[in-house]
Amino acid sequence: MDIDTRLLRYFVAVAEEGHLTRAAQRLYVSQPALTKQIKLLEQQVGLELFVRSRTGMRLTEPGRIFAEHAPLLLSGWDRMLRETKSGASRAARVLRVGFIASAANEFTPEIVAAFRALRPEWQVDMRQSGWTDPSAGLDDGDVDVALVRLPFPADDAYRSTDLFTEPRWLALPADHRLAARSEIDFEELWNEPFVASPPENGWWRDFWIGADARPADTVVVGAVARNTDEWLTAIGNGFGVSFTPAASARYYPRPGVIYRPVRGIGPSRVAVARPAAADSNPLVQDFIRCCVQVCAAGRP
């Protein structure tokens, strides 16, 4: 019997949290999707692993035994996969850097230049991730370090260092009723349809539609986008508005789309993230120092 390691990760999260909602938030997936995956795992194993109740999810006796072994299996698999990929990069003297679209903004070229000045024998391979992977490749071991937009998984497997904050602005159709405003109040956007990332993104999605700072019954999703181009197209076609970093106004000009600052909503935070094991990797630590120094010095 073969079981997808993703199912094991879902199981471990539910077992540790004892609650589907908290586990879904931790995993950046929707609760219905997580419920479906847990049921699929139980079908494959042929045993009931949880007792479900109004108060949460309690392990059955078979589930308790399964929970004792699953983390060790996942840890070994992750370590093998990460070290194999990392070893290939080290042999080629390449540092793999993941990033979410415009994560470090104009700082990125200077960060890379600073690192290459420090480590001239190494190349930097920048790898962009779509919105379906807020870890920017870290989860799959495809990168050594990543420039990300928080929130980031609060997991012992990762470390993150904040670099700077940036206001959350609004991207909206040029003919929108609020388009003539120089600044928009957040409460004016309640009940406006938003262009959102996929529901499986959990907290990441909630942050970029402002669900972290308003009543749940004011959230309306007008369209779903999985990357920047889909996002801009949906906004330009009038399917909704969306929060975005202030830098998007410089990075993504598009006919029919305008950007405005918003009062009453907190900023976006940019960080450099890496696996916990990378704290002993001098190469990754050099890159982190370059990130901190360049960002602390201000915009290039």
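Starting from 1, residues in each chain are numbered consecutively following that chain's sequence as written. The predicted origin of the model limits local features to residues at a pLDDT of at least 70 and limits the giving and counting of side-chain atom pairs to 80 or more, whereas totals for whole chains, interfaces and linings rest on all residues. For side-chain calculations, the full set of non-hydrogen atoms in the structure is used, while hydrogens and water are omitted.

Draft legend 1. View of the overall build of the chain. Where helices and strands are cited, they refer to DSSP runs of H or I of at least four residues and of E of at least two residues respectively, numbered from the N terminus. Counting secondary structure elements, the chain contains 9 helices and 13 strands. A globule of 300 residues ought to have a C-alpha radius of gyration of about 19 Å, and the chain, at 21 Å, matches this closely. Principal axes of the C-alpha set define a box for the chain whose edges measure 60 × 55 × 25 Å. Here's how the labels work: a residue is buried when its accessible area is under 20% of the maximum for its type, exposed when over 50%, partly exposed in between, all with a 1.4 Å probe on protein chains only. Across the 300 residues in the chain, those meeting the buried criterion constitute 46%. Contacts in the chain between residues far apart in sequence, at least 24 positions, make up 73% of those at least 6 positions apart. Only four residue types enter the tally: Lys and Arg on the positive side, Asp and Glu on the negative side; His and the chain ends are excluded. Positions of charges follow a simple convention, taking NZ of Lys, CZ of Arg, CG of Asp or CD of Glu. Distance from the positive charge centre (35 side chains) to the negative charge centre (37 side chains) of the chain: 1 Å. Radius of gyration here is computed from C-alpha atoms only, and the compact-globule reference equals 2.2 Å multiplied by the residue count raised to the power 0.38. Contact definition: two residues touch when any of their heavy atoms are within 4.5 Å.

Draft legend 2. Expanded view of empty space enclosed by the protein. Lining residues are those with an atom within 4 Å of a point, where the points come from a 1 Å grid over the protein atoms alone and group into cavities, where a 1.4 Å probe fits but cannot get out, or pockets, open sets with protein on both sides within 12 Å along at least five of seven lines. Grid points are joined across faces, edges and corners, and a volume is the space filled by probe spheres set on the points. Summed over all chains, the structure comprises 1 cavity of 30 Å³ or more. Put simply, the largest cavity is a space of about 260 Å³. Elements that contribute at least two residues to the lining of the largest cavity include exactly β9 (193–196), α6 (203–208), α7 (228–236) and β11 (242–245). Sorting elements by how many residues they give to the lining of the largest cavity places β11 first, with 4 residues. Grouping the amino acids of the lining of the largest cavity by side-chain chemistry returns 12 nonpolar, 6 polar and 2 charged. Residue type decides the class: Asp, Glu, Lys and Arg count as charged, Ala, Val, Leu, Ile, Met, Phe, Trp, Tyr, Cys and Pro as nonpolar, and the leftover types, Gly among them, as polar.

Draft legend 3. Geometry of helix α2 (residues 20–27). Those residues of α2 lying buried are L20, A23 and A24. End-on view of α2: buried residues confined to an arc of 100 degrees, all on one side of the axis. Looking at the packing, one finds that the buried side of α2 touches α1 (5–17), α3 (31–45) and β2 (56–59). After α2 finishes, the residue Y28 shows a positive phi value of roughly 60 degrees. Directions pointing from the helix axis toward each C-beta atom define the arc.

Draft legend 4. Focus on the layout of surface pockets. Reported here for the second largest pocket is a volume of approximately 180 Å³. What lines the second largest pocket is simply T21, A24, Q25, V29, S30, P199, G202, W203, R205 and D206. Elements that contribute at least two residues to the lining of the second largest pocket include exactly α2 and α6. In terms of residue class, the lining of the second largest pocket is made up of 4 nonpolar, 4 polar and 2 charged.

Draft legend 5. Inspection of helix α9 (residues 282–296) at higher detail. Spanning 15 residues, α9 covers 21 Å between terminal C-alpha atoms, matching the ideal 21 Å at 1.5 Å per step. Buried residues of α9: L283, V284, Q285, D286, F287, I288, C290, C291, V294 and C295, and no others. One or two residues past the end of α9 sits G298, with phi positive at roughly 100 degrees. By this rule the span expected of a helix is its residue count minus one, scaled by 1.5 Å.

Draft legend 6. Examining the pattern of salt bridges more closely. A pairing counts as a salt bridge when a side-chain nitrogen of Lys or Arg comes within 4 Å of a carboxyl oxygen of Asp or Glu. A complete count under the given rule lists 19 salt bridges for this structure. A salt bridge links R149 to E166; its shortest N-O distance comes to 2.8 Å. With a gap of 17 residues between them, R149 in strand β5 (residues 145–149) and E166 in strand β6 (residues 158–166) connect regions that are remote in the sequence. D279 serves as the salt-bridge partner of R159, at 3.5 Å between the closest nitrogen and oxygen. Highlighted residues: R159 in strand β6 and D279 in the loop between β13 (268–275) and α9, separated in sequence by 120 residues. By relative accessible area, which is 36% here, R159 ends up partly exposed.

Draft legend 7. Examining the sheet that holds strand β7 (residues 168–173) more closely. By the convention used here, strands pair only if DSSP detects at least 2 bridges between them. Strand order in this open sheet of 4 strands is β8-β12-β7-β11, and the pairing throughout is mixed. Edge strands, defined here as strands with exactly one partner in the open sheet, are β8 (184–185) and β11. Across the sheet, α7 is in contact with β7, β11 and β12 (257–263); its angle to β12 comes to roughly 90 degrees. Axis geometry follows a simple rule: fit a line to the C-alpha atoms, using only the stretch in contact for helices, then measure angles between N-to-C directions, giving values from 0 to 180 degrees.

Draft legend 8. View of the sheet that holds β6. Reading across the sheet, the 5 strands line up as β4-β3-β5-β13-β6 and stay open at both edges, with mixed pairing between neighbours. Whereas interior strands pair on both sides, the edge strands pair on one side only; in this sheet they are β4 (123–129) and β6. Pairs of neighbouring strands in the sheet enclose a mean axial angle of 20 degrees, with direction left out of account. As paired elements, β6 and β13 share 8 bridges and run antiparallel to each other. Its bridge partner lying in β13, R159 is registered against R274.

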